[in-house]
Amino acid sequence: MVEQVLPLFVRLDSARDSRFTPLHAERPWLSNLQTFNIGVPHRDNDEMHESNATEFEVKSALLDAGFIRMTIFAHFTQRAAGLMSNIRAVFFDVGGVVIKSPLIAISDYERQHNLPDNYLNVQIIRAGSNGAWQRFERGEMGLHDFYDAFGRELSDADSGNPFYSAYCEKRGIECTRLPTAEMKVDGRELFGRMMRSSTYDPLVVEAIRRIRETGQWKVIALTNNFSIPYEAILASPPTSTFSPEEELEFLGWANNGGPGNPALRAMFDDFIDSSAVGKRKPEPEFYLYACQKHGLEPREVVFLDDLGMNLKAAADLGMTTIHVAIGESAAALTKLEEILGIELLDAGGLSAGQSKL
């Protein structure tokens, strides 16, 4: 069955006026009732296909002293207006979706050190599944080993420059300058900047609250994260060259409970951390682990992430995916509204920096 979105039809019953009138012009409080859309079965050759359709009636509202009654009738399928029977859960990435992107801190580091745009992120990807960043996200490396290996990999201009040149060529970007062999990236400093720059996106925080409030969908964080490294720092004894308290302060983890802190975890029905599971995005096993844990099929999940490779892996498994570009969370949430059929964004929105946490 082909589906489309059509406006609701409104029928007015009144002894004084039975015409269709723009009541919201005189009664602004009615505007919400008259402007939302729902999915309805599509007419094909004047025959209405109504398989799996349900009819509902919104209770009449008394509109004025003349007791004009407005009754809204509509047909909708279970695939529209939040009744998509195949969607049972929403998976959220954390860094870049719930928390503003760490790529912003990487970009700042590149500008400060006169490195080409996106050079470091390209090198992180170049390292592949056995790179320091990837292994750290799976909980396979200790903190100091990670710092050393991370900086060493990113400083390898001999290997990195050809890879970055190919990246620029593929995207039609002019590549006029490349780092020299003398380039040295401080792995600890870069990682610290990425962690300290974490701030919540208030629109996403509010959207998560509204979805959970309905009780209709499971809301799950699926995150490449560092809870296990954080716990390892807490358990480390101080030495003459290392203070756990100072390191947590440096990373911005001293007073908030770390990268998987209780306030963040409490936003979700479950918080699935790569370092605890030993798998990470875009490894298919990580997505499947989350689905199996909650009795879900991938086709029953909507997944939001800021990275294309993570979204592609999810889509290949059958998930519905939404890209959250930097600074464009409202656009992504609008798409999620259309899928779930509930309001996630206010007309005015929240002011920048506001958060429910």
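The written sequence of each chain sets the order in which its residues are numbered from 1. Under the rules for a predicted model, residues below a pLDDT of 70 receive no local features and side-chain atom pairs below 80 are neither given nor counted, while totals for whole chains, interfaces and linings still include all residues. Note that water and hydrogens are dropped before the side-chain values are worked out from all heavy atoms of the structure.

(A) Geometry of unusual backbone geometry. Cis geometry is found at the peptide bond from lysine 281 to proline 282, where omega equals 10 degrees. Secondary structure counts use DSSP, requiring at least four H or I residues in a row for a helix and at least two E residues in a row for a strand, with both numbered from the N terminus. Locating proline 282 in the fold gives a position in the loop between helix H13 (274-277) and helix H14 (284-293). Positive phi is not limited to glycine here, since asparagine 114 has a value of about 55 degrees. Turning to its location among the elements, asparagine 114 is positioned in the loop between helix H3 (103-112) and helix H4 (119-126). The rule is simple: take the accessible area with a 1.4 Å probe, protein chains only, and divide by the maximum for that residue type; under 20% is buried, over 50% is exposed, in between is partly exposed. Its relative accessible area of 57% is what places asparagine 114 among the exposed residues. Although it is not a glycine, asparagine 118 sits at a positive phi angle of roughly 70 degrees.

(B) How the structure looks around the sheet that holds strand E11 (residues 301-305). A pair of strands counts as paired when DSSP detects no fewer than two bridges linking them. Strand order in the open sheet formed by five strands is E10-E9-E8-E11-E12, and the pairing between neighbours is parallel. Both outer strands of the open sheet, strand E10 (270-273) and strand E12 (320-323), are each paired with one neighbouring strand and no more. Averaged over all pairs of adjacent strands, the angle between strand axes in this sheet comes to 20 degrees, irrespective of strand direction. Note: strand E9 (residues 218-223) against E10, four bridges, orientation parallel. Across the sheet, residue alanine 221 finds its bridge partner in E10, namely phenylalanine 271. Helix axes are fitted to C-alpha atoms over the stretch in contact, other axes to C-alpha atoms as well, and angles between N-to-C directions run from 0 to 180 degrees.

(C) Molecular detail of the layout of surface pockets. The pocket and cavity definitions rest on a 1 Å grid over protein atoms only: a 1.4 Å probe that fits but cannot leave marks a cavity, an open set with protein on both sides within 12 Å along at least five of seven lines marks a pocket, and residues lining either have an atom within 4 Å of a point. Grid points are joined across faces, edges and corners, and a volume is the space filled by probe spheres set on the points. Taken as a whole, the largest pocket encloses approximately 1,000 Å³ of empty space. Along the walls of the largest pocket sit 49 residues, with Gly95, Pro102, Trp133, Glu137 and Leu307 positioned nearest its centre. Only H3, H4, helix H5 (132-137), helix H7 (157-171), helix H8 (187-196) and helix H15 (308-317) provide two or more residues apiece to the lining of the largest pocket. When residue character is reported, Ala, Val, Leu, Ile, Met, Phe, Trp, Tyr, Cys and Pro are called nonpolar, Asp, Glu, Lys and Arg charged, and the others, Gly included, polar. Here the lining of the largest pocket is composed, by residue class, of 21 nonpolar, 18 polar and ten charged.

(D) Region of interest: the environment of glutamine 216. Tracing the sequence through the fold places glutamine 216 in the loop between helix H9 (202-214) and E9. Judged by its relative accessible area of 45%, glutamine 216 falls in the partly exposed class. Residues glutamine 216 and leucine 340 lie 124 residues apart in sequence; the distance between their C-alpha atoms is 9.5 Å.

(E) Representation of the packing of H9 against helix H16 (residues 329-340). Close contact between H9 and H16 brings their axes to 10 Å; oriented N to C, the two are set at 15 degrees. Taken together, H9 and H16 sit at an angle that is classed as roughly parallel. Note that H9 runs across H16; the crossing there is left-handed. Seen from H9, the contacting residues are Leu203, Val204, Ala207 and Ile211; seen from H16, they are Ser329, Ala330, Leu333, Leu336 and Leu340. Residue composition of the contact of H9 with H16, grouped by class: eight nonpolar, one polar and no charged. Note on angle classes: values under 35 degrees are labelled roughly parallel, values over 145 roughly antiparallel, values of 65 to 115 roughly perpendicular, and the remainder oblique. Should the near helix be turned counterclockwise from the far one by less than a right angle, the crossing is left-handed, whereas a clockwise turn marks it as right-handed. Whether two residues are in contact is decided by their heavy atoms, any of which lying within 4.5 Å being enough.

(F) How the structure looks around the environment of valine 204. Along the polypeptide, valine 204 turns up in helix H9. Excluding residues that lie within four positions of it along the chain, valine 204 makes contacts with Phe92, Val97, Val98, Ser329 and Leu333.

(G) Structural detail: the environment of valine 98. Within the fold, valine 98 resides in the loop between strand E8 (89-92) and H3. For valine 98, a relative accessible area of 0% puts it in the buried group. Setting aside anything within four residues of it in sequence, one finds valine 98 in contact with Phe92, Asp93, Thr199, Tyr200, Asp201, Val204, Ile208, Leu264, Met267 and Phe268.

(H) Region of the structure containing the pattern of salt bridges. Salt bridge, as used here, is a side-chain nitrogen of Lys or Arg placed within 4 Å of a carboxyl oxygen of Asp or Glu. Enumeration over the complete set of coordinates arrives at 18 salt bridges. In this structure, arginine 138 engages glutamate 283 in a salt bridge whose closest nitrogen and oxygen atoms are separated by 3.0 Å. Of the two residues, arginine 138 is situated in the loop between H5 and helix H6 (143-154) and glutamate 283 in the loop between H13 and H14; the sequence distance between them amounts to 145 residues. A salt bridge links glutamate 247 to arginine 188; its shortest N-O distance comes to 3.1 Å. With glutamate 247 in helix H11 (residues 244-251) and arginine 188 in helix H8, this residue pair connects regions lying 59 residues apart in the sequence. Sharing partners across several salt bridges, the network here consists of Glu206, Arg209, Arg210, Glu213 and Asp346.

In short, the description is geometric, and any link to function would need to be established separately.
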